Amino acid sequence: MARILIVDDSKTSRKILRGILEEEGHEVVGEAVNGKDGIEQFQELHPDITTMDITMPVMDGLEALKLIMEYDNSAKIIMVTAAGQKTKMVDAIKYGAAEFLAKPFEAAQIITILKKVL
């Protein structure tokens, strides 16, 4: 199973995502609260997959995605989007995002996306 880093400023989103991932047998190796923290944890933990919220304080998910892909162009990053972020989703694809996950989370959708990315 995969080692996963969750990057999201919402404690509730992190908790829900962690629950779904762990129930599927994945290991959540870290949780970050913004893009800057996410980059630092990515470099330290080398997760198999990173889930990255787009809208966060300090550094947003798109900037963090760009920097992580420069550091490791084989990184598998799943962008977490809220409704109405179509432009940002297009940018994320350009920057190397592996897949997208929409809020609110649905367990079946998360599992399908993880299998696809792995």
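Residues numbered from 1 in each chain as written. Predicted model: local features only at pLDDT ≥ 70, side-chain atom pairs only at ≥ 80, totals over all residues. Heavy atoms only, no water.

Help me get a handle on the packing of aromatic side chains, residues and values and all.
Evaluated as defined, the whole model comprises one aromatic pair. Between F42 and Y71, the aromatic rings sit 6.1 Å apart at their centres with planes inclined by 85°, giving edge-to-face as the arrangement. On the criterion of sequence distance, the pair formed by F42 in helix α2 (residues 35-45) and Y71 in helix α3 (residues 61-71) is long-range, its members being 29 residues apart. When its relative accessible area of 2% is taken as the criterion, F42 is described as buried. The ring of Y95 is capped by K66, whose NZ or CZ atom sits 4.8 Å from the centre of that ring. (Phe/Tyr/Trp six-rings, centres within 6.5 Å; stacked < 30°, edge-to-face > 60°. Helix = DSSP H or I, 4+ residues; strand = E, 2+ residues; numbered from the N terminus. Buried < 20%, exposed > 50% of the residue type's maximum accessible area, 1.4 Å probe, protein only. Lys NZ or Arg CZ within 6 Å of the ring centre and 35° of its normal.)

Help me get a handle on the nonpolar core, residues and values and all.
If you look at the biggest cluster of nonpolar residues, it comprises 22 residues, and the most contacted ones within it are M52, L65, I68, I77, M79 and A92. In terms of residues, this core owes the most to one element, α3, which gives five residues. In contact with M79, other than residues within four places in its own chain, are M52, I54, G61, L62, L65, A92, A97, E99, F100 and L101. Counting residues in each nonpolar core, the second largest holds 16 residues, with I78, V80, F105 and I110 among its members. (Core = buried A, V, L, I, M, F, W, Y, C linked by side-chain atoms within 4.5 Å. Contact = heavy atoms within 4.5 Å.)

How would you sum up helix α5 (residues 107-117)? Please name residues and give values.
When α5 is considered as a whole, its buried residues turn out to be I110, I111, I113, L114 and V117. Axial view of α5: buried residues confined to an arc of 165°, hence all on one face. Away from the buried face of α5 by more than 90 degrees, exposed residues A108, T112, K115 and K116 are located. Against β1 (3-7), α1 (11-23), β3 (49-53), β4 (77-81) and β5 (99-102) lie the buried residues of α5. (Arc of directions from axis to C-beta.)

That's the geometry; what it means functionally is another story.
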